[in-house]
Amino acid sequence: MIRSIAKVSALGLLAISILGAGGFNEQAEKDRKALIEYMQKKFSDPLKNRASQFPYSTDKELKENIKGGLKFEDFRLGSYAFNKSGKEQYDEIAEMPPYEDAVDEGEELYNKKFKNGKSFKECFPKPDIAGDYPMYDAKKGVVTLSSAINDCLKANGEKPWNMKKGKMAKLEAYFAYQSKEAGKKFNIKIDSKEAQEAYERGKKEYYSQRGYLKLSCASCHVQGAGKRVRAEYMSPLLGQVTHFPVYRLKWEDLGTLERRMVGCNKDQGENPHKANSKWMKELLYFMAYMSNGMPVDGPDIRK
Amino acid sequence: MKIVRDSIIAVSILTMGAFGQDANALMQEAAKLDVKKVCDVKSNGLEKVLEVAKKYNPVAVEFGVEFKRLGITNSVYIKGLEGAIKAKKPEVTLEYKSKGKKKSKTFKTDYATWRACHFAVRALQQKVEAQKTWRLAVPGDGFKY
């Protein structure tokens, strides 16, 4: 009798501890699944969903240029998942990817010794970590891959890097490439109450209308995904962070996720938040969680 | 007791920031304004409308929601207008940086004053509105499709 009570309560404790460990991401999991469901439905049959989802597109455009039947992993391609003509141009450029040298230079940076004789290897023993960031740290709050790299530099008496381009983008290109080669997937963790709160704040910012144009990120990348603004099709939130850094034709340069985000934040008509701000990091934490389970797919090319 | 009192003081000093008034209270105050009325240059005069912008824009900066249009932040509008209105100039030239290069643009003073006021107040009103509306866009929550 006593033994069976002990057994039952041990089981109970086990159940509680599992719940406890898994509980902090419960809402985030719901959000992620609901987002997948929405995007798959939206792009199941664009022509049929025209009235509710693509009111400004012509039948011809939907029939000829927007691919339907998209499944979860397709979304890692951003707008090229559905934009047929864009994908053709993309494939042409991808034959001679303009980021290859950057990956090599990133590898050199990874191995290069700091003045104190150490290197990035001490901070990041394995380079296939692009899908593990951002993560939540009890002391620092949300740590992005870029902020972790700068923390490593500072801890070794080196100057931090510009978070938007240059060496930062190159080292991240190497990390992304290594992660992709190793078959890594996005695996963002929310394992404390504080982490959960940071996620919720990031989510709220993503969905809040801002700037003099009164647009939220979601206006363009959730409700607006698949619509056009000027000549560009807007990518879905799902899969939006998986392929960075990117070589952008507009930049003629490689840039980090933060660089792209600052640009979009500016386009909303707001004085953009800094790449290293708490706002940016928490927003990225939310966005990356939404891509959980998708393969790391960087570096990549964008218009 | 003293610790409690001191920490209350510390916290209120923190939230008061540079405003001498709670930033949150100022935001709630802005939320109730009729922006067309308070920013109407003809009926209020340039000085008064600029005062409205000067009162609320720093709160928008504090909350990270300051507006920026074509490379010019609202702070830059306000700074330029202070001089132009004092000197009674019909036009104001705003200097700003874009991609590291110095640039400038010229506006009619009354138009720019209206805009500075409008931007300052709307940034805060929008932040308050978003508290109620953001969930309406979340799939699986308030967004129905």
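Note that this is a predicted model, so its numbers are computed, not measured.

Definitions and cut-offs
- Residues numbered from 1 in each chain as written.
- Chains lettered and ligands numbered in written order.
- Predicted model: local features only at pLDDT ≥ 70, side-chain atom pairs only at ≥ 80, totals over all residues.
- Heavy atoms only, no water.
- Helix = DSSP H or I, 4+ residues; strand = E, 2+ residues; numbered from the N terminus.
- Rg over C-alpha atoms; globule rule 2.2 N^0.38 Å.
- Contact = heavy atoms within 4.5 Å.
- Areas by Shrake-Rupley, 256 points an atom, 1.4 Å probe, with all protein chains shown as cover.
- Lys, Arg positive; Asp, Glu negative; His and termini not counted.
- Charge placed at Lys NZ, Arg CZ, Asp CG, Glu CD.
- Buried area = accessible area lost by both parts, 1.4 Å probe.
- Salt bridge = Lys/Arg side-chain N within 4 Å of Asp/Glu carboxyl O.
- Polar contact = N/O pair within 3.5 Å; in protein donor to acceptor, adjacent residues only side chain to side chain.
- Nonpolar A, V, L, I, M, F, W, Y, C, P; charged D, E, K, R; others polar.
- Patch = residues over 30% accessible without salt bridge, like charges linked within 9 Å, V, L, I, M, F, W, Y side chains within 5 Å.
- Buried < 20%, exposed > 50% of the residue type's maximum accessible area, 1.4 Å probe, protein only.
- Phe/Tyr/Trp six-rings, centres within 6.5 Å; stacked < 30°, edge-to-face > 60°.

**What about the overall build of chain A?**
From N to C terminus, chain A includes 13 helices and 7 strands. Its C-alpha atoms give chain A a radius of gyration of 21 Å, within 12% of the compact-globule value 19 Å for 303 residues. Taking contacts inside chain A between residues at least 6 apart in sequence as the whole, the part at least 24 apart equals 68%. Accessible surface computed for chain A: about 15000 Å², of which carbon and sulfur atoms make up 53%. Charged side chains in chain A number 53 positive and 42 negative. The centres of these two groups are separated by 4 Å.

**Quick notes on the interface of chain B and chain A**
Each side of the interface is counted separately: chain B has 21 residues, and chain A has 22 residues. A buried area of about 2000 Å², summed over both sides, lies between chain B and chain A, and 58% of it is on carbon and sulfur atoms. Among the residues of chain B in contact with chain A, K68, W134 and Y145 of chain B are the three that bury the most area, contributing 31% of the side total. For the pair chain B and chain A, the interface holds 1 salt bridge. Where E129 of chain B meets K214 of chain A, a salt bridge forms, and the shortest distance between an N and an O atom there is 3.8 Å. The tally of links between chain B and chain A comes to 8 residue pairs in polar contact (both at pLDDT 80 or more). Elements represented by at least two residues in the side of chain B that touches chain A include exactly β1 (68–69) and α7 (109–133) of chain B. If one sorts the elements of the side of chain B that touches chain A by residue count, α7 of chain B sits on top with 7 residues. Looking at the side of chain B that touches chain A residue by residue, the classes come out as 10 nonpolar, 6 polar and 5 charged.

**What to know about a negative patch on the surface**
Together, E100, D101, D104, E107 and E108 of chain A make up a negatively charged patch on the protein surface. Taking relative accessible area as the criterion, E108 of chain A reaches 56% and is therefore assigned exposed.

**Looking at the packing of aromatic side chains**
Evaluated as defined, the whole model comprises 25 aromatic pairs over all chains. Seen in terms of ring centroids, Y212 of chain A and F119 of chain B are 5.5 Å apart; in terms of plane orientation they differ by 20°. Their pairing is stacked. Pair noted here: Y212 of chain A is in the loop between α10 (193–207) and α11 (217–221) and F119 of chain B is in helix α7, and the two residues belong to different chains. By relative accessible area, Y212 of chain A is classed as partly exposed at 26%. For F119 of chain B, a relative accessible area of 6% puts it in the buried group. Put simply, the rings of Y110, F114, F120, F124, W161, Y174 and F175 of chain A pair up and form one aromatic cluster.

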